[in-house]
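The primary structure of each chain is shown beneath.
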Amino acid sequence: MTLRHWLGALASLGVLGISSAAFADPALPTRASAMATVAERLSKELAGAPPAGVVVAAPLRTDESAPRGDELVVRLGQVVGGALGASLARPEPLALPAARSAARRADAFVYVQAEVLRGELRVSADVYPSPQGFWERLLRPNPSPIRHAFASARLDAEVRGFLAPVPLVMGQIDRAKTEDRDVVALACGDLDADGALDLVTLGRRRIARGRLRGGRFETSHAIEWSALSPIAPAPLREPMAGVAILSGTWPSGAFVDVGLTDRASGMRLDRTLRPVKPIEGVPVSFGDRDVCATYAPSETTPTFARCSQDDPQLELAPLSNPTDIVTIEALTTRSAGSLAIWAARNPQTGELRLVANGFGTTIAGVGAQVAIADLDTDGIPEIISSADVLSPSEDALVVHSWRPGEAAQERARIPVPQGVRAIAVCPPEGAGASPIAVATAGAEIWVVR
Amino acid sequence: MRRRDLLLGMAATLASGWLGAPAFALGRIPVGGRLAISLPWPLASIDPADLCDPTAALFAHAIADPVYALDAANEPYPALALDYPQLAGQTTKVKLRPGLVSARGKALDARDLVFTLERARRMGGAPRLLDLPTPTVDRHDPLVANFATTDREQVVRALALPTTALVPRGFSPTQPDGTGAMRAEPGTDRLVLVRNPNAARGASFLDDVVVQRAPDLSASLRAFEANSTDVGWLGAGLHAPRPQAVPFDFGKAGWIVLQTGSEAGAWGAPGVAQRLVEALPSERLQHLGLGPLPVPRGEAVWGGPPGPLLYEEGSAQLAEIARTLASILSRPGHELLPEPLSRAELQRKRQSGTFLAMLHVVRPLGPSGLASLVALTAAVDSRAALDVVRRPPRLSSFEPRSLTRMLRLGVVGELRVTGAHAAELRLARAASGDGWDLGASHRLPRKGA
């Protein structure tokens, strides 16, 4: 952790009401950038390949406007080259024949082909030998690649910086009926790393995974709570619930952590919702991983700990102010940094306290459903919430943008007269803003784009 | 209902387990705050097993839970039980949820269930128990109570009565204990209900409810009008309605009945008491908060021997009703003289039947219908109530006043939970539809606090 991050964390904790003296090394959520993720995965897959002296990027293929596409692939080539230990990355994208020619002096070169498709950065890397000597060039002028690797990651602010900006317009609402009338938490992500997004609904009776098709939430996998955990001896009267998708790679796919205060324990599920191991508490997203919140009926704040004993150690001091909802997220900035944002809601005032990089602000009138995401991948976080009302007819989906150091700005307010039960933000899936999934009290799931 | 219907109903509700309350989202219901109330009812003790305890009629729901609860369709579902009773040979096994702890910190198991049922049987407020064999604790599982019967429906229905709500061994009405949303601290002039963090179905939203005993009907209204309390019992103010007061009427928590005893001679015969109360001029009872009153018919004259009209001491509302009844019914040589007695003395007299006339409360044993007849009959004779359970009469009406024409008691009116509350309070109606639910009541959030 850098000193800047560390000081930022301490300041953040103070604003949130956390005693900084309570622990020496405050944990920060982090999220690796799309380019770093792709480069790391490619380097892992290409481990053991002949050393490549040169990395050459192919021109970008994309389904959206990319005014700085060449710069993107060159930058990507540099990052991949760095991960592979290559000595040189070509400063311009080249077609394969030109790449062969440009890399003829090296023993081998890595040819990186990137495409931006349906909100994903998909990158393949092929290791080509360079024919050495006259006869070899004559006999095998275009040798086939000797190693191949592929990796993908959802677009982030760094990649978006090379593409056309995304307007934050949320004018389209797709509604789907669901048979689960008691959804209390929701998550959206690519569970099996197949490029298509899945929704996970957490109800008081069961957990379901599915997709929206033809105006219905089509369940592909489901599991009853009664198969996962007994009822908690002393549950909360009004439940708290959480679902966190822990990203994974093919073929294992992602894991899903689920927790509900109705139940004695939560559970880590595999991508088909089969139980993997119990977890303690209600999972809360924490950048690339999650933490678990424990709510005691006699306490006004939750406490946090790692969800499973097998998870990495995590130290989080208790909150001192009354708090019910805590959301912790890490976003990639345009400069590929990781911006940690903490949000804590005071149930007595309906205020959401936001902290990032040592800056803080407050949003008033925030309901019990809160998500943080970079909807338009511009590096500036959006805070998506329900309204602090007790009548469903007055409820709404509210979106604020917050640039740390400034006041939060309301960007959209969409009435949800049935009442908002849960909110999740999906990863980007195209040229537009990230979709927002909303579970309503009317047994519907809305996807707002 | 046929047994098959019951089983199907149980299967449908099993998945929901103990869940009765809906899940809220929007703004979460704020936790905390106090409800102050002044009531013209005794507060010195609460006994969930006592069918005629007016304090239990108003507050037992908040301190103890039945093992099975009834949903809106009168179908039972497990509340403190792990699931539906299991049949093993000729034995029906009821297993309690693991980890149940009472408000005063006592771990609960099947021994407490056996104690509860034995106590309820002795108190006579649960006629269904008379048809059930005494349960025993399972030798292999301390959470399981065994009933030597194969009639699971009968077991479930008996365990769904408010008078069989689970209490720990050694239960004392003056130090009541249970798994409810609140812990009660009764006193002669003041009852305090405090949030129970061990509550098996969710602790109350409110920190506490402080109930002061009102010396007369006007004291409660005066206190509400002066902003000293949050609830006006039977009205919104003594001289003028409190500004912004919210009227409420949550139906009956019980019936107020006139019971005659052996000392009344021929005037203690079945049906006489009901004929008398039906003749009472409704305009003289309107202010007593008795709910809808019938058109008077017949002659409101007491022809029995002169003597005391007993009622429980500390009950200002019953005292007022007793005075009104005495003034209407008394004639020279046939005077009824209102006389307060302790609850224990009243119980003793009621059980022996050696009294002239008595005014007291009967709690409902379930939704309106046959359960009304069973409750009213059990208040006089629990054996007779068992006959009603075994051979339900074919009646054209289950209107309580028509049910009591064959009993030694008459329904004067209802113990009606009605009045007005402060605007910043949300009083919750009981899930059954009758009475209030103090555990689910809450204060509205203080905006900008």
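These numbers come from a predicted model, not from an experiment.

Colleague: Kindly report on the overall build of chain B, identifying the contributing residues and their values.
Modeller: Across its full length, chain B holds eleven helices and 18 strands. Taking 22 Å as the expected radius of gyration for a compact globule of 449 residues, we find that chain B reaches 22 Å, a close match to that expectation. Dimensions of chain B, computed from C-alpha atoms along their principal axes, come out at roughly 70 × 60 × 40 Å. Within chain B, buried positions represent 59% of all 449 residues.

Colleague: Tell me about the overall build of chain A, and please be specific about residues and values.
Modeller: The number of helices and strands found in chain A is six helices and 29 strands. For 449 residues, the compact-globule estimate of 2.2 N^0.38 gives 22 Å, and the C-alpha radius of gyration of chain A, at 23 Å, lies within 12% of that figure. By principal-axis analysis of the C-alpha atoms, chain A measures approximately 80 × 50 × 40 Å. Every one of the 449 residues in chain A was classed for burial, and the buried ones make up 57%. Sequence-distant contacts in chain A: of pairs separated by 6 or more residues, those separated by 24 or more amount to 55%.

Colleague: An account of the confidence of the model for chain A is requested, with residue identities and associated values reported.
Modeller: Looking at chain A as a whole, the pLDDT averages 88, with 93% of positions reaching at least 70. Contacts from residues 1-25 of chain A, a stretch scored under 50 in pLDDT, to residues over four places away or in other chains number 48 contacts.

Colleague: With reference to specific residues and values, describe the packing of aromatic side chains.
Modeller: Taken as a whole and judged by the stated rule, the model has seven aromatic pairs over all chains. Arranged with centres 5.3 Å apart and planes meeting at 15°, the rings of F109 of chain A and Y128 of chain A form a pair that is stacked. Here F109 of chain A, found in strand β4 (residues 108-117), pairs with Y128 of chain A, found in strand β5 (residues 120-129); they are 19 residues apart in sequence, far enough to count as distant. For F109 of chain A, a relative accessible area of 1% translates into the label buried. Given the relative accessible area of 7%, Y128 of chain A is considered buried. Judged by centre distance (6.4 Å) and plane angle (75°), the ring pair of Y111 of chain A and Y128 of chain A falls under edge-to-face. Placement of the pair is Y111 of chain A in strand β4 and Y128 of chain A in strand β5, with a sequence separation of 17 residues. What links up through ring pairs into an aromatic cluster is the set F109, Y111 and Y128 of chain A. The cationic tip of R237 of chain A hangs over the ring face of F205 of chain B; the distance from NZ or CZ to the ring centre is 6.0 Å.

Colleague: Quick rundown of the pairing of strand β15 (residues 357-362) of chain B? Include the residues and the values.
Modeller: Residue and element names in this part refer to chain B. By the criterion of burial, β15 is predominantly enclosed, with six of the six residues buried. Along β15, one buried face is formed by A357, L359 and V361 and the opposite face, lined by M358, H360 and V362, is buried too. Bridge analysis of strand β12 (residues 246-260) against β15 gives six bridges, and the strand direction is antiparallel. Along β15, the bridge assignment pairs W255 with V362. By the bridge criterion, two bridges tie strand β13 (residues 307-312) to β15 in an arrangement that is parallel. Counted as the bridge partner of L309 is A357 from β15.

Colleague: Residues and numbers for the sheet that holds strand β25 (residues 396-401) of chain A, please.
Modeller: All names here are of chain A. Overall, antiparallel pairing links the four strands, which are arranged β23-β24-β25-β26 in an open sheet. Of all the strands in the sheet, the pair left with one neighbour each is β23 (366-373) and β26 (409-415). Averaged over neighbouring strand pairs, the angle between their axes works out to 20° when direction is ignored. Across four bridges, the pairing between strand β24 (residues 382-387) and β25 is antiparallel. Across the sheet, I383 pairs through a bridge with H400, a residue of β25.

Colleague: Would you mind going over the state of the cysteines in detail, with residue names and values included?
Modeller: Residues and elements named next belong to chain A. Following the criterion strictly, the structure yields two disulfides over all chains and no others. Disulfide partner of C188: C426, at an S-S distance of 2.0 Å. Taking the torsion about the sulfur-sulfur bond, which here is approximately 105°, the covalent link between C188 and C426 counts as right-handed. With C188 in strand β8 (residues 183-189) and C426 in the loop between β27 (420-425) and β28 (436-440), this pair connects stretches of sequence that are 238 residues apart. Taken as a pair, C188 and C426 share a single burial class, namely buried. Between C292 and C307 runs a disulfide, and the two sulfur atoms are separated by 2.1 Å. Handedness of the C292-C307 disulfide follows from its S-S torsion of about 105°: it is right-handed. In this pair, C292 is assigned in strand β17 (residues 289-294) and C307 in the loop between β18 (303-305) and β19 (326-332), connecting sequence segments 15 residues apart. The exposure class of C292 is buried, given its relative accessible area of 1%. The exposure class of C307 is buried, given its relative accessible area of 2%. Cysteines bonded in chain A are numbered consecutively along the chain; their disulfide partners then correspond to 1-4, 2-3.

Colleague: How would you sum up the environment of Y68 of chain B? Please name residues and give values.
Modeller: On the secondary structure map, Y68 of chain B appears in strand β2 (residues 68-70). Residues Y68 of chain B and S204 of chain B, spaced 136 residues apart in sequence, show a C-alpha to C-alpha distance of 20 Å.

Colleague: A description of the side chain of T332 of chain A should follow, citing residues and the corresponding values.
Modeller: Residue and element names in this part refer to chain A. The topology assignment puts T332 in strand β19. The exposure class of T332 is buried, given its relative accessible area of 6%. Not counting the four nearest positions on each side in its chain, T332 is found in contact with R31, A32, S33, D156, A157, E158, G337, D374 and G379.

Colleague: Please provide a residue-by-residue account of the pairing of strand β11 (residues 216-224) of chain A, values included.
Modeller: Residue and element names in this part refer to chain A. With eight bridges joining them, strand β10 (residues 206-213) and β11 adopt antiparallel strand pairing. Paired with R211 across the strands is E218, a residue of β11. In sequence, β10 turns back onto β11 through a hairpin of two residues, with G214 there showing a positive phi of about 55°.

Colleague: Go over the packing of helix α9 (residues 370-380) of chain B against helix α10 (residues 382-390) of chain B, please, and point to the residues and values.
Modeller: Two quantities define a packed helix pair, namely the angle between the helix axes and the distance between the axes. All names here are of chain B. The interhelical angle for the contact between α9 and α10, taken along N-to-C directions, is 160°, at an axis separation of 6 Å. Comparing their axes, α10 and α9 come out roughly antiparallel. Residue-level inspection shows L370, L373, V374, T377, A378 and V380 of α9 in contact with α10, the latter providing S382, A384, A385, V388 and V389. Grouping the amino acids of the contact of α9 with α10 by side-chain chemistry returns nine nonpolar, two polar and no charged.

Colleague: Tell me about the pattern of salt bridges, and please be specific about residues and values.
Modeller: Enumeration over the complete set of coordinates arrives at 54 salt bridges over all chains. Across the salt bridge formed by R297 of chain B and E278 of chain B, the nearest N and O atoms sit 3.2 Å from each other. In this pair, R297 of chain B is assigned in the loop between α6 (272-278) and β13 and E278 of chain B in helix α6, connecting sequence segments 19 residues apart. Exposure remark for E278 of chain B: the relative accessible area of 8% places this residue in the buried category. Sharing partners across several salt bridges, the network here consists of D192, D194, D198, R209 and R211 of chain A.

Colleague: Just give me the short version of the packing of helix α2 (residues 34-45) of chain A against helix α3 (residues 69-84) of chain A, but keep the residues and values in it.
Modeller: All names here are of chain A. Here α2 crosses α3 at 45°, and the two axes come no closer than 9 Å. As summarised for this structure, α2 and α3 are arranged oblique, according to the angle between their axes. As for how α2 packs across α3, the hand of that crossing is right-handed. Residues M35, A39, L42 and S43 of α2 pack against L72, R75, L76, V79, V80, A83 and L84 of α3. In terms of residue class, the contact of α2 with α3 is built from nine nonpolar, one polar and one charged.

Colleague: Give me the sheet that holds strand β5 (residues 91-95) of chain B: which residues, what numbers.
Modeller: Residue and element names in this part refer to chain B. One open sheet holds the four strands; their spatial order is β4-β5-β7-β6, and the pairing between them is antiparallel. The sheet terminates laterally at β4 (86-88) and β6 (136-137), the two strands that pair on one side only. By the bridge criterion, three bridges tie β4 to β5 in an arrangement that is antiparallel. Residue pairing across strands places A88 opposite T91, the latter belonging to β5. Of the strands in this sheet, β4, β5 and β7 (144-147) are in contact with helix α4 (residues 152-159), which crosses β5 at around 35°.

Cut-off values and rules
- Position numbers for residues count from 1 along each chain, tracking the sequence in the order it is written.
- To label them, take the chains in the order written and letter them from A, then take the ligands in the order written and number them from 1.
- Whole-chain, interface and lining totals are the exception, using all residues; otherwise, since this is a predicted model, local features are given only for residues with pLDDT of at least 70 and side-chain atom pairs are given and counted only at 80 or more.
- The side-chain numbers reported here are obtained from all heavy atoms of the structure, hydrogens and water having been left aside.
- What counts as a helix is a DSSP run of H or I of at least four residues, what counts as a strand is a run of E of at least two, and both are numbered from the N terminus.
- Here the globule rule is a power law, 2.2 Å times the number of residues to the power 0.38, and the radius of gyration is based on C-alpha atoms.
- Buried residues are those whose accessible area, probed at 1.4 Å on protein chains only, stays under 20% of the maximum for their type, while exposed residues exceed 50% and partly exposed ones sit between those limits.
- Note on definitions: a residue-residue contact is assigned when non-hydrogen atoms from the two residues lie within 4.5 Å.
- The predictor attaches a confidence to each residue, called pLDDT, with possible values from 0 through 100.
- The rule is short: rings of Phe, Tyr and Trp, with Trp giving its six-membered ring, pair when the centres are within 6.5 Å, and they are stacked under 30 degrees, edge-to-face over 60, tilted in between.
- Two thresholds decide whether a charge sits over a ring: the Lys NZ or Arg CZ must be within 6 Å of the ring centre and within 35 degrees of the ring normal.
- Strand pairing is assigned whenever DSSP identifies at least 2 bridges connecting the two strands.
- Simply put, an axis is a line fit to the C-alpha atoms, just over the touching stretch for a helix, and the angle between two N-to-C directions goes from 0 to 180 degrees.
- Sulfur atoms of two cysteines make up a disulfide when they are within 2.5 Å.
- Each angle is binned into one of four classes, with values under 35 degrees roughly parallel, values over 145 roughly antiparallel, values of 65 to 115 roughly perpendicular, and all other values oblique.
- Nonpolar residues are Ala, Val, Leu, Ile, Met, Phe, Trp, Tyr, Cys and Pro. Charged residues are Asp, Glu, Lys and Arg, and all others, Gly as well, are polar.
- Just to be clear on terms, a salt bridge is a Lys or Arg side-chain nitrogen sitting within 4 Å of an Asp or Glu carboxyl oxygen.
- Handedness of each helix crossing follows the sense of rotation of the near helix against the far helix: counterclockwise by less than a right angle gives left-handed, clockwise gives right-handed.

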